[in-house]
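# Survey of secondary and tertiary structure
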Amino acid sequence: MPVRLRRWTIFVVALIPFAQLVYGAVYQTLGGDPAKAILLATGFWAMRFLLITLAVSPLVRYLKWRWLMPHRRMLGLFALFYGLAHLLSYYQFILGGNLAMLGEEIIKRPYILVGMPALLILIALGITSTRGWMRRLGRRWQQLHQLIYLAFILAWVHLYWQVRSSYFDAVLYGAIGLVLLSFRVRKFLIKRT
Amino acid sequence: QKILASRANTQPIKEALTPYNIATTYNNFYEFGYNKDDPSKNSGNFQPFPWKVEIAGEVNKPGHYDLDELLKNIDLEERIYRLRCVEAWSMVLPWIGFPLHKLLKRFEPTSRAKYVKFTSVYRPKQMPGQDSAFSTINWPYVEGLRMDEAMHPLTLIAVGLYGKNLLNQSGAPLRLVVPWKYGFKSAKSIVKIELVEQQPLNTWQQIAPNEYGFYANVNPHVDHPRWSQKEERRLPSGLFHPNIIPTRMFNGYEQVASLYKGMDLRKNF
């Protein structure tokens, strides 16, 4: 498949969850509390795209999926996209656009307080993901973009601190994240020796 | 047939009823799973009949009673109550049932009965949530009320909703409804009612005592650590104009305030 076609395919597929939410909101198929449904779905998709983005370099390295490398940027930007949709849906659909309430809740709730920097990191990485910024930052670009691991850890804590009746999601996403982080640690250790 | 014979016995409530399809598909009933639509999707194998309830503890007439036997001489009434979930959403629901005190009096609580402990059913084969290795809940689900709360005329045992038998996802065949407390106090699918001397340790208090107390009275002045309790979203709630309303003390049932006179409700949350 030519790169251009692949790029469009990934783009369209990554938008399917969003399209489903829009469809569900319009045709009222999101259940009794659509606000909560959208909040949860966008949060989980941000998490999933974070993990997919983190999976790219191990897949390229160990399975030789070199074709995937040019698409890592877009996958990361989708993590940002769903993360922003998550925050905006909280602000608009849950808090009814009450800015004072948003400020109060961010400060008062530890799980929101750790979720915010995760999103800020993704915003910073999104802005500096262009070729121009790569050139300008040189070697430091790589260092800066390793913050994605921190963003994942913060996002996971954000999820973990909301566990109520089941550890399932926290364990699932934590386990996948741990595997992906371990590749990074291995690489780091090999470099050292 | 008993359900059909029930008569309305509710002070008129101005708020609109929550639509049936929302009330029966948006449920917290962790025995059937942790998503809101899990109870309606996963409760098909649950068999609520025949049903026995064990009455135990500080009563003169303990025993295992058949549900039909319990309902024999009791008139059912319809009551429209607000339901406020601790998660800051709410509904208005037409229950069918009878005041708990009518039931308790029949079994003659002794003077040592200070609390009522409710135990929900444990059937992991019919309730997939109870079979989950990832659950934080130590089954079976347990709840409790102080004796005066249990005897309060607002406290209801419900067997129906919207003019029909309770559906499995709503806690069939009988459940508690305590309208001035957060929804989790209203134990579902009850198999055991015990009169006890000591305050029971209810399930959510076991899991997170800093977040869920024994009393769990609806109180806009005491936040849940993870979210504000000042307001609630009354379902159905639109997306761009969410139906956000201020939460009322005791969920608007101020007549229960006297039960808590002299108590610090910040400490006894």
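Residues numbered from 1 in each chain as written. Chains lettered and ligands numbered in written order. Predicted model: local features only at pLDDT ≥ 70, side-chain atom pairs only at ≥ 80, totals over all residues. Heavy atoms only, no water.

A word on a nonpolar patch on the surface. Residue and element names in this part refer to chain A. Residues Phe18, Val22, Tyr23, Val26, Tyr27 and Phe81 make up a contiguous nonpolar surface patch of roughly 580 Å² in combined accessible area. The greatest single-element share of the nonpolar patch, amounting to five residues, is contributed by helix H1 (residues 3-27). Along the chain, the position of Phe81 falls in helix H3 (residues 72-94). With relative accessibility at 30%, the residue Phe81 sits in the partly exposed group. (Patch = residues over 30% accessible without salt bridge, like charges linked within 9 Å, V, L, I, M, F, W, Y side chains within 5 Å. Areas by Shrake-Rupley, 256 points an atom, 1.4 Å probe, with all protein chains shown as cover. Salt bridge = Lys/Arg side-chain N within 4 Å of Asp/Glu carboxyl O. Helix = DSSP H or I, 4+ residues; strand = E, 2+ residues; numbered from the N terminus. Buried < 20%, exposed > 50% of the residue type's maximum accessible area, 1.4 Å probe, protein only.)

How big an interface is tends to be reported as the loss of accessible area on association of its parts. Each side of the interface is counted separately: chain B has 28 residues, and chain A has 28 residues. Both sides of the chain B and chain A interface together cover about 2600 Å² of buried area, and 52% of this is carbon and sulfur. Among the residues chain B hides against chain A, the three largest losses belong to Phe134, Arg226 and Leu239 of chain B. Together they make up 30% of the total. Scanning the region where chain B abuts chain A turns up five salt bridges. When the shortest N-O distance is used, the salt bridge between Asp223 of chain B and Arg109 of chain A registers 2.8 Å. (Contact = heavy atoms within 4.5 Å. Buried area = accessible area lost by both parts, 1.4 Å probe.)

Further remarks concern the sheet that holds strand S3 (residues 63-66) of chain B. By definition, the strands of a sheet pair up through backbone hydrogen bonds, in either a parallel or an antiparallel sense. All names here are of chain B. Read from one edge of the open sheet, five strands run S3-S2-S11-S6-S7, paired in mixed fashion. Edge strands, defined here as strands with exactly one partner in the open sheet, are S3 and strand S7 (142-146). Put simply, the sheet's adjacent strands are angled 20° from each other on average, direction ignored. Relative to strand S11 (residues 190-196), strand S2 (residues 52-57) runs parallel, the two sharing four bridges. If you follow Gly57 over to S11, its bridge partner there is Leu195. (Pairing = 2+ DSSP bridges. Axes fitted to C-alpha atoms, helices over the stretch in contact; angles between N-to-C directions.)

Next up on the list: helix H4 (residues 99-108) of chain A. Here H4 of chain A has its buried residues at Met101, Leu102, Glu105 and Ile106 of chain A. Seen from one end, H4 of chain A has its buried residues packed into an arc of 135°, which puts them on one side. Facing away from the buried side of H4 of chain A, by more than 90 degrees, are the exposed residues Ala100 and Ile107 of chain A. Packed against the buried residues of H4 of chain A are H3 and helix H5 (110-127) of chain A together with strand S12 (231-234) of chain B. Capping the start of H4 of chain A is the job of one residue whose side-chain oxygen sits 3.3 Å from the backbone nitrogen of Ala100 of chain A: Asn98 of chain A. (Arc of directions from axis to C-beta. Polar contact = N/O pair within 3.5 Å; in protein donor to acceptor, adjacent residues only side chain to side chain.)

The subject of this paragraph is the UniProt feature "transmembrane region" (unreviewed entry) in chain A. Residue and element names in this part refer to chain A. With numbering aligned to this structure, UniProt lists the feature "transmembrane region" (unreviewed entry) at residues 40-62, 74-91, 111-132, 144-161 and 167-185. Annotated as residues 144-161, this span is 89% helix and 0% strand, and its ends, taken at the C-alpha atoms, are 27 Å apart. Taken as a whole, residues 167-185 contains 95% helix and 0% strand, while its terminal C-alpha atoms sit 26 Å from one another. (UniProt positions renumbered as here; feature names shortened; annotations may be inferred.)

This part covers the nonpolar core. What tends to happen in soluble globular proteins is that the nonpolar side chains get buried as a cluster. In terms of nonpolar packing, the biggest core is built from 97 residues, with Trp95, Leu100, Phe118, Trp180 and Ile193 of chain B touching the most fellow members. Sorting elements by how many residues they give to this core places strand S5 (residues 89-99) of chain B first, with six residues. Ignoring sequence-local partners within four residues, the contact set of Ile193 of chain B consists of Val53, Glu54, Ile55, Ala56, Leu103, Leu104, Val116, Lys117 and Phe118 of chain B. By size, the runner-up hydrophobic cluster in this structure holds 35 residues, among which are Leu75, Val114, Tyr149 and Ala155 of chain A. (Core = buried A, V, L, I, M, F, W, Y, C linked by side-chain atoms within 4.5 Å.)

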